[in-house]
Amino acid sequence: MYFPEWNLFNLTIAIISIAGSSLLIAREFSPATRLNYSKFNATSSSKSSEISISSYNGMLLIYTPSLILSTLFLVISYKNYRMLLISATIFVHYLKRVLEVMFVHRYSGQCKLKDNTLISMSYFIFALLVYKLASNVTDPSSRITLLGITMFLMGEYTNFYHHLILRNLRKDGSKEYKVPSGALFNCIWCPHYMGEIISFIAMVLVTQHFLILILQLGSAGYLAIRAYNTKKWYTDKFGTIPSRACLIPYIF
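Rules used in this analysis
- Residues numbered from 1 in each chain as written.
- Predicted model: local features only at pLDDT ≥ 70, side-chain atom pairs only at ≥ 80, totals over all residues.
- Heavy atoms only, no water.
- Helix = DSSP H or I, 4+ residues; strand = E, 2+ residues; numbered from the N terminus.
- Rg over C-alpha atoms; globule rule 2.2 N^0.38 Å.
- Buried < 20%, exposed > 50% of the residue type's maximum accessible area, 1.4 Å probe, protein only.
- Contact = heavy atoms within 4.5 Å.
- Areas by Shrake-Rupley, 256 points an atom, 1.4 Å probe, with all protein chains shown as cover.
- UniProt positions renumbered as here; feature names shortened; annotations may be inferred.
- Expected span 1.5 Å × (residues − 1).
- Core = buried A, V, L, I, M, F, W, Y, C linked by side-chain atoms within 4.5 Å.
- Salt bridge = Lys/Arg side-chain N within 4 Å of Asp/Glu carboxyl O.

**Student:** Please clarify how the overall build of the protein chain should be interpreted in this entry.
**Tutor:** Tallying secondary structure elements over the protein chain gives seven helices and two strands in all. Each helix and strand of the protein chain, placed in order from N terminus to C terminus, yields the pattern α-β-α-α-β-α-α-α-α. The globule rule puts the C-alpha radius of gyration for 252 residues at 18 Å, and the 19 Å found for the protein chain is close to it. In terms of overall dimensions, the protein chain has C-alpha extents of about 55 × 40 × 35 Å along its principal axes. Relative to its full complement of 252 residues, the protein chain shows a buried share of 44%. In the protein chain, 79% of the contacts between residues at least 6 apart in sequence involve partners at least 24 apart. Surface summary for the protein chain: the accessible area is close to 13100 Å², and the carbon and sulfur share equals 66%.

This is the structure:
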C-alpha cells in the first residue's frame, strides 16, 4: 500500500472524502434527505420547483460523463502499461453501467435532476482522483495487482448477473416491483451492491493507494446503508418478506 506525503493536497482529499462520505451516509437514514433514485424516487414531492427527469435519462446522466473521462484516460495512457490497466478498469466499469442503462434495466419513474447531477459529479471527480492518485504510486506489487483484476472481474460479473435477474422480473412488461429471487438473492437483498463493493475493493488492490482506500470505504459505507434501506423498502411495500440479510450473507 502506498502512503502519500501528507501535504495540503492529500490532506484536503482525505478530509473532504471522510466528511463527504459521512454526510452522504447520514442523509440516507432519513427518507426526507436520502438521494432519490431507483426505488427511492420521490415523484410525489410537493416541491414543484424541483426539476424531475425520467429515470432512464437520469441514470445516463450519472454514468456518461465518467465514461467519457475514462475513455480519455485510455487514450493518454497507451504508453504506460500500468496506467492503461487502471484506465481500462475504470472504463469497463462505466461502459458496463451505461450499457446496462440502455439495454438491461427497465425504468418506470422519475428522479430529481439535482440528485442525479450530484451523483454524476461525484463519480466524475472520483474517476479523476483514482487516475491522478494511482499515477503517483511507486513500486506497486504485481501479485496484488493480479488479485485486484481477478476480484474486479468477479465483482463486475456478480453485479451484472443480478441486474439481469432484476430485469427479468419485468420481462412481461409490468412496471410493478416484485420480490427478487434466484442466485444470491436467495440469501441477501442486494447482491448487486455486494458485487459493486467487491469491485471497489479490487480498485484499491489495483491502484494500491491509501487515499483510494479511504474513497472506496466511503462508497462501500453508502451502499451498505442503501442495502439496509432497500430491505426496509421491501418490508414496507410487501409486508411479509423472505428472511434475508441486507448485503453480507448471515451477517448484515
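Now, onward.
**Student:** Before we go on, may I ask you to explain the UniProt feature "domain: 3-oxo-5-alpha-steroid 4-dehydrogenase C-terminal" (unreviewed entry) in the protein chain in this structure?
**Tutor:** Within the UniProt annotation, "domain: 3-oxo-5-alpha-steroid 4-dehydrogenase C-terminal" (unreviewed entry) is assigned to residues 143-252. Between the first and last C-alpha atoms of residues 143-252 the distance is 30 Å; the span itself is 65% helix and 0% strand.

**Student:** How do you make sense of helix 7 (residues 210-238) when you look at a structure like this?
**Tutor:** For helix 7, which comprises 29 residues, the first-to-last C-alpha distance of 42 Å matches the rise-based estimate of 42 Å (1.5 Å per residue) to within 8%. Where helix 7 ends, the next residue or the one after it, G239, has phi of about 80°, a positive value.

**Student:** How do you make sense of the nonpolar core when you look at a structure like this?
**Tutor:** Grouped burial of nonpolar side chains is what soluble globular proteins tend to show. Core analysis: the biggest nonpolar cluster contains 55 residues, and Y63, I86, I90, Y94, V130, L133 and L247 have the highest contact counts within it. Here this core gets eleven residues from one element, more than from any other, and that element is helix 7. With residues near it in sequence (within four places) discarded, L247 still touches I188, C190, Y193, M194, I197, A224, A227 and F252.

**Student:** What am I meant to see in the pattern of salt bridges here?
**Tutor:** Between side chains of opposite charge, a pair can form as their charged atoms come close. Following the criterion strictly, the structure yields five salt bridges and no others. Across the pair R97 and E100 runs a salt bridge, and its minimum N-O distance is 3.3 Å. Of this pair, R97 and E100 both sit in helix 3 (residues 81-103), three residues apart, which is roughly one turn of that helix. We note that R97, like E100, is buried.

**Student:** Where do I start with unusual backbone geometry in this structure?
**Tutor:** When glycine is set aside, most residues are seen to have a negative phi, and most peptide bonds are trans. For D139, which is not a glycine, the phi torsion comes out positive at approximately 55°. Relative to the assigned elements, D139 resides in the loop between helix 4 (113-134) and helix 5 (142-168). We classify D139 as exposed; its relative accessible area is 75%. We note that Q208 has phi near 60°; this positive angle belongs to a residue other than glycine. Within the fold, Q208 resides in the loop between helix 6 (191-207) and helix 7.

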